[in-house]
Amino acid sequence: MAWVSGGIKEVTMNFNFYIQTSNPYILSQTNANDNKLSEAIESVFPMDTEELILFWNHVGIPLSYKYDVSYMIDDILIILQHIQVQKSGELLVHWLPDTFRADWKLEWNGETLFIYANWESLKGDLQKVLVNSKKVEISKKDFVSEWKMLLKILISALNKNGYDRLIKKQYNMLVKSFNDIEWYGILYRNGRCSR
């Protein structure tokens, strides 16, 4: 509830889908053989560090930076591009990490996005908790903004290790995706804009 002149007004915030990026440790190492964004991300994060938590209808799903995020990054960038460029559309994504094995069908028209999930295998057997939680509705802007802090962390980690030069084209694509998102997600917004 929020206080407004003349009484109390109900203020609702969408907590059906949001991302907590945490504070993962970034290694100081570069693998000269890495030629893909996914390989570079896997190289710069250790196995044992804080995880990203993706909240779906109030259930927190942990994702490893080293393995889950690295496997997912190409699909994340494709999703963001499609949603930002197309006024309406539909996209089917098959998330492939063993600890985040799920299929998402994204549908959007105007400013509203619907995500329909089929949960198969999640860390901690969370698919059992989410068996009856297969749909999320969120505004396109809110959904896109939730990924901004993650992209910032990835850019920083890759830059620290020289991947801004080693895989320049893919790194620049990541930076462009970051710059195309106006606001940070709900946990990181705090009245500040990225620009």
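Criteria and cut-off values
- Residues numbered from 1 in each chain as written.
- Predicted model: local features only at pLDDT ≥ 70, side-chain atom pairs only at ≥ 80, totals over all residues.
- Heavy atoms only, no water.
- Helix = DSSP H or I, 4+ residues; strand = E, 2+ residues; numbered from the N terminus.
- Buried < 20%, exposed > 50% of the residue type's maximum accessible area, 1.4 Å probe, protein only.
- Lys, Arg positive; Asp, Glu negative; His and termini not counted.
- Salt bridge = Lys/Arg side-chain N within 4 Å of Asp/Glu carboxyl O.
- Polar contact = N/O pair within 3.5 Å; in protein donor to acceptor, adjacent residues only side chain to side chain.
- Phe/Tyr/Trp six-rings, centres within 6.5 Å; stacked < 30°, edge-to-face > 60°.
- Expected span 1.5 Å × (residues − 1).
- Arc of directions from axis to C-beta.
- Contact = heavy atoms within 4.5 Å.

Caption draft 1: A look at the side chain of Asp-68. Here Asp-68 is to be found in helix H2 (residues 65–85). Of the buried charged residues, Asp-68 lacks a salt bridge, with Lys-123 as the closest side chain of opposite charge at 4.5 Å. Reaching out from Asp-68, the side chain makes a polar contact with the backbone nitrogen of Ser-64 at a distance of 2.8 Å. Within the structure, the side chain of Asp-68 is placed 2.6 Å from the side chain of Thr-99, a separation counted as a polar contact.

Caption draft 2: Layout of the packing of aromatic side chains. If you walk through the whole model with that rule in mind, you get 16 aromatic pairs. Between Trp-95 and Trp-104, the aromatic rings sit 5.3 Å apart at their centres with planes inclined by 85°, giving edge-to-face as the arrangement. Given the relative accessible area of 0%, Trp-95 is considered buried. For Trp-104, a relative accessible area of 0% corresponds to the buried category. Linked through ring pairs, Phe-17, Trp-56, Trp-95, Phe-100, Trp-104, Trp-119, Phe-143 and Trp-147 together constitute an aromatic cluster.

Caption draft 3: Just helix H6 (residues 168–180), in detail. Here H6 is 13 residues long and its end C-alpha atoms lie 18 Å apart, about the 18 Å a rise of 1.5 Å per residue gives. Of the residues making up H6, those classed as buried are Tyr-171, Leu-174, Ser-177 and Phe-178. The buried residues of H6 occupy one face: seen down the axis, they fall within an arc of 120°. Exposed and oriented more than 90 degrees from the buried face of H6 are Lys-168 and Lys-169. The inward-facing, buried residues of H6 contact helix H1 (37–44), H2, helix H4 (148–160) and helix H5 (163–166).

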